[in-house]
Amino acid sequence: MLQRGADLGLVVSVRRITSASWPSVMRGGAPVLVADVTARPDYVPGIPGARSELAVPLLARERVIGVFNVESCRPHAFSDADIAPLMTMAGQAAIAIENARLYESLRAMSERYRSLHQLNDRILQSAGLGIYTVDDRLHITSWNRRIEQMSGVSAEQALGRDLFALFPGLEAEGFADRLRRVLELGAPENLQLAHRNLKGDLRFQKRRLAPLKEGERTTGVLVIVEDITEFKRLLE
């Protein structure tokens, strides 16, 4: 058996190159035992002087992701009794390989999302309109520079706060009802209103509300604020 290999003077090697046994292992997902590789004309040499081979599948989530192959310089070095321990070793190797692949995939995905988030944040911060978002509990989740200027509230002061606790006057303006309706119905809303900011200045604004969704569920609202005070005064 494999665990007694050293006592028997066997030379065992784990192969990474292709051998004749591998295609059938990959297709069938079952071990292949070759007692004498010299009897197989299609055998691809592995270790120098190899005479016998045992190949088992690397299984991850019931899918063959590779082959765990061992060879010996002795003919008939392996038997059916060696299959189970080698399958156990192969299972551990498959888990390690799959975890490494998953980690690399998650790392790459995280990097892509980080880059996308940075791009979105640059766009958000450079926009000439006031832009912010709230979650389904009406807590502020983003707050751009223009809305900082318009409201007199910094992002540090706003993020994570309840929108209507921070700006209680929005309830009286009727904005709260419209915001809650977007969350409930998942449909955009547009409105124009007179808003008195925290400094007491009366400003006229257009507000566009768009639902933020994950699948079919509305998870928040994007609010775009355009100050039209000067334009309105020019028309008067």
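Residues numbered from 1 in each chain as written. Predicted model: local features only at pLDDT ≥ 70, side-chain atom pairs only at ≥ 80, totals over all residues. Heavy atoms only, no water.

K.L.:
Whenever I open this one, the overall build of the protein chain confuses me. Can you help?
P.N.:
Of regular secondary structure, the protein chain possesses eight helices and nine strands. Here the contacts in the protein chain between residues at least 6 apart in sequence split such that 48% fall between residues at least 24 apart. (Helix = DSSP H or I, 4+ residues; strand = E, 2+ residues; numbered from the N terminus. Contact = heavy atoms within 4.5 Å.)

K.L.:
Hey, could you run me through a nonpolar patch on the surface in this one?
P.N.:
Taken together, L102, L106 and M109 make up a surface patch of nonpolar side chains, about 250 Å² in accessible area. Mapping M109 onto the fold places it in helix α2 (residues 83-126). Look at M109 and you get partly exposed, because its relative accessible area is 33%. (Patch = residues over 30% accessible without salt bridge, like charges linked within 9 Å, V, L, I, M, F, W, Y side chains within 5 Å. Areas by Shrake-Rupley, 256 points an atom, 1.4 Å probe, with all protein chains shown as cover. Salt bridge = Lys/Arg side-chain N within 4 Å of Asp/Glu carboxyl O. Buried < 20%, exposed > 50% of the residue type's maximum accessible area, 1.4 Å probe, protein only.)

K.L.:
Explain unusual backbone geometry to me, please; I cannot follow it from the model alone.
P.N.:
Note: most peptide bonds trans; most residues except glycine with negative phi. One non-glycine residue with positive phi stands out, namely H76, at about 55°. Counting through the fold element by element, H76 comes out in the loop between β4 (63-72) and α2. Taking relative accessible area as the criterion, H76 reaches 59% and is therefore assigned exposed. Even without being glycine, L138 reaches a positive phi, approximately 70°. Residue placement: L138 occurs in the loop between β5 (130-135) and β6 (140-143).

K.L.:
Just checking my understanding: could you explain the sheet that holds β5 for this structure?
P.N.:
Note: strands within a sheet are paired through backbone hydrogen bonds, in either parallel or antiparallel orientation. Pairing is antiparallel across the open sheet formed by five strands, whose spatial order is β6-β5-β9-β8-β7. Since the sheet does not close on itself, it has two edges, and those belong to β6 and β7 (189-196), each with one partner. Strand-to-strand twist across the sheet, computed as the mean angle between neighbouring axes with direction ignored, equals 25°. (Pairing = 2+ DSSP bridges. Axes fitted to C-alpha atoms, helices over the stretch in contact; angles between N-to-C directions.)

K.L.:
Quick question: what am I supposed to make of the pattern of salt bridges here?
P.N.:
Pairing between side chains becomes possible if they bear opposite charge and their charged atoms approach one another. Under the defined criterion, the tally for this structure stands at 10 salt bridges. Note that D136 and R217 form a salt bridge whose closest N and O atoms lie 3.7 Å from each other. You can see D136 sitting in the loop between β5 and β6 and its partner R217 sitting in strand β9 (residues 217-227), a full 81 residues away along the chain. A relative accessible area of 47% means that R217 is categorised as partly exposed.

K.L.:
When you look at the nonpolar core in this model, what are you seeing that I'm missing?
P.N.:
Burial of nonpolar side chains together is a common tendency in soluble globular proteins. Core analysis: the largest hydrophobic core is formed by 26 residues, its most contacted members being Y132, W143, L163, F175 and L179. Elements that contribute at least two residues to this core include exactly β5, β6, α3 (145-151), α4 (155-158), α5 (163-166), α7 (175-185), β7 and β9. Among the elements that take part in this core, α7 stands out by supplying five residues, more than any other. Once residues within four sequence positions are removed from consideration, L163 is found in contact with Y132, V134, L138, I140, L170, F175 and L179. Of all hydrophobic cores here, the second largest spans 13 residues; its members include F68, V70, I83 and A90. (Core = buried A, V, L, I, M, F, W, Y, C linked by side-chain atoms within 4.5 Å.)

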